[in-house]
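Here is how the chains run, residue by residue.
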Amino acid sequence: EAQVTQNPRYLITVTGKKLTVTCSQNMNHEYMSWYRQDPGLGLRQIYYSMNVEVTDKGDVPEGYKVSRKEKRNFPLILESPSPNQTSLYFCASSSGEPYYEQYFGPGTRLTVT
Amino acid sequence: AQKITQTQPGMFVQEKEAVTLDCTYDTSDPSYGLFWYKQPSSGEMIFLIYQGSYDQQNATEGRYSLNFQKARKSANLVISASQLGDSAMYFCAMREGTGNQFYFGTGTSLTVIP
């Protein structure tokens, strides 16, 4: 089954404790992205990648890191989480042309206390 | 300036009626794509429909159609014959150029009334 998986699905952590949210897709997609969703703000792109070792900042990259060492994986790293990073996070992948249709993971709800 | 604007935070529609969800966009790039996604209360993001900036005809997918008015920079979603299962949050999104940078609107919450 074609899918994007994220782990963990739920995470409660404390300020400053480094964490990684994993994202993996089995569709051989070139393009991957991370978004955060906050009430009233919609989805905002954090980082995106157009290929292995190619990543770019989205609208809200501060406080996040990503890496793309393999085509299928695109982990999101929070080196020192803060309460304002409490949010719902989505990973997405896309094959690119012609439609760039994105397939989304199930989401990770992160709470930073 | 906002790249994507959805001005209707909430909408109600009677079951079996049609409803239009508004979306306007802002870009100076001649090449772009417009998308609509549905997010039910369960939280997943579901792709509904796509319109490319060079497409001459409005996109349609089953009960969904995209009313693309390029000069007005609007990309409204029309849902015909609404069903109870259409109750959800709807997001308009845009991709500029040929990259992977996307912009989403703040969403419209649609409630279908029996």
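Further up the page is the structure itself.
Quick caveat, the model's predicted, so the values are computed rather than measured.

On the chain A side, the residues contacting the 18 residues of chain B number 25 residues. In this structure, the connection of chain B to chain A is made through 0 salt bridges. Taken together, chain B and chain A are joined by 7 residue pairs in polar contact (both at pLDDT 80 or more). If you list the elements that add at least two residues to the side of chain B that touches chain A, you get strand S5 (32-39), strand S6 (46-52), strand S10 (88-96) and strand S11 (102-104) of chain B. Each residue belonging to the side of chain B that touches chain A can be placed in one class, and the counts come to 9 nonpolar, 8 polar and 1 charged.

Once that is clear, we can look at the side chain of Ser93 of chain A. Here Ser93 of chain A lies in strand S9 (residues 87-94). Of note is the side chain of Ser93 of chain A, whose polar atom sits 2.8 Å from the side chain of His29 of chain A.

Before going further, it helps to spend a moment on the pattern of salt bridges. For the coordinates displayed, the defined rule picks out 6 salt bridges over all chains. Here Lys71 of chain A makes a salt bridge to Glu30 of chain A, at a shortest N to O gap of 3.1 Å. Highlighted residues: Lys71 of chain A in the loop between strand S7 (65-66) and strand S8 (76-78) and Glu30 of chain A in the loop between strand S3 (19-25) and strand S4 (31-38), separated in sequence by 41 residues. Judged by its relative accessible area of 24%, Lys71 of chain A falls in the partly exposed class. Taking the shortest distance from any N to any O, the salt bridge between Asp86 of chain B and Arg63 of chain B comes out at 2.8 Å. Within this pair, whereas Asp86 of chain B is found in the loop between strand S9 (74-79) and S10, its partner Arg63 of chain B is found in the loop between strand S7 (60-61) and strand S8 (64-69), the two being separated by 23 residues in sequence. When salt bridges with common partners are traced through the structure, they connect Arg36, Asp38 and Arg44 of chain A into a single cluster.

Time to look at unusual backbone geometry. Note: most residues except glycine have negative phi, and most peptide bonds are trans. Cis geometry marks the peptide bond from Asn7 of chain A to Pro8 of chain A, where omega comes out at -5°. The topology assignment puts Pro8 of chain A in the loop between strand S1 (4-7) and strand S2 (10-13). Despite not being glycine, Asn28 of chain A has its phi angle at roughly 60°, a positive value. With respect to the element layout, Asn28 of chain A can be found in the loop between S3 and S4. Judged by its relative accessible area of 56%, Asn28 of chain A falls in the exposed class. The phi dihedral of Lys73 of chain B is positive, around 55°, even though this residue is not glycine. Summarising the element assignment, Lys73 of chain B is placed in the loop between S8 and S9. Residue class for Lys73 of chain B comes out partly exposed when judged on its relative accessible area of 30%.

Basis of the calculations
Sequence order sets the numbering: in each chain, residues are counted from 1 along the sequence as written. Written order decides the labels, with chains lettered from A and ligands numbered from 1. Since the coordinates come from a predicted model, pLDDT governs what is reported: local features require at least 70, and pairs of side-chain atoms require 80 or more to be given and counted, while whole-chain, interface and lining totals use all residues. Here the side-chain values reflect all heavy atoms present in the structure, with hydrogen atoms and water set aside. We call two residues in contact when some of their heavy atoms are within 4.5 Å. In what follows, salt bridge is the name for a side-chain nitrogen of Lys or Arg lying within 4 Å of a carboxyl oxygen of Asp or Glu. Pairing of N or O atoms within 3.5 Å defines a polar contact, subject to two protein rules: one partner must be a possible hydrogen donor and the other a possible acceptor, and residues neighboring in sequence count only if both atoms are side-chain atoms. Here a helix means four or more residues in a row that DSSP labels H or I, a strand means two or more in a row labelled E, and each is numbered from the N terminus. Note on residue classes: Ala, Val, Leu, Ile, Met, Phe, Trp, Tyr, Cys and Pro are nonpolar, Asp, Glu, Lys and Arg are charged, and everything else, Gly too, is polar. Only protein chains enter the accessibility calculation, which uses a 1.4 Å probe; a residue whose area is less than 20% of its type maximum is buried, one above 50% is exposed, and one in between is partly exposed.

In short, the description is geometric, and any link to function would need to be established separately.
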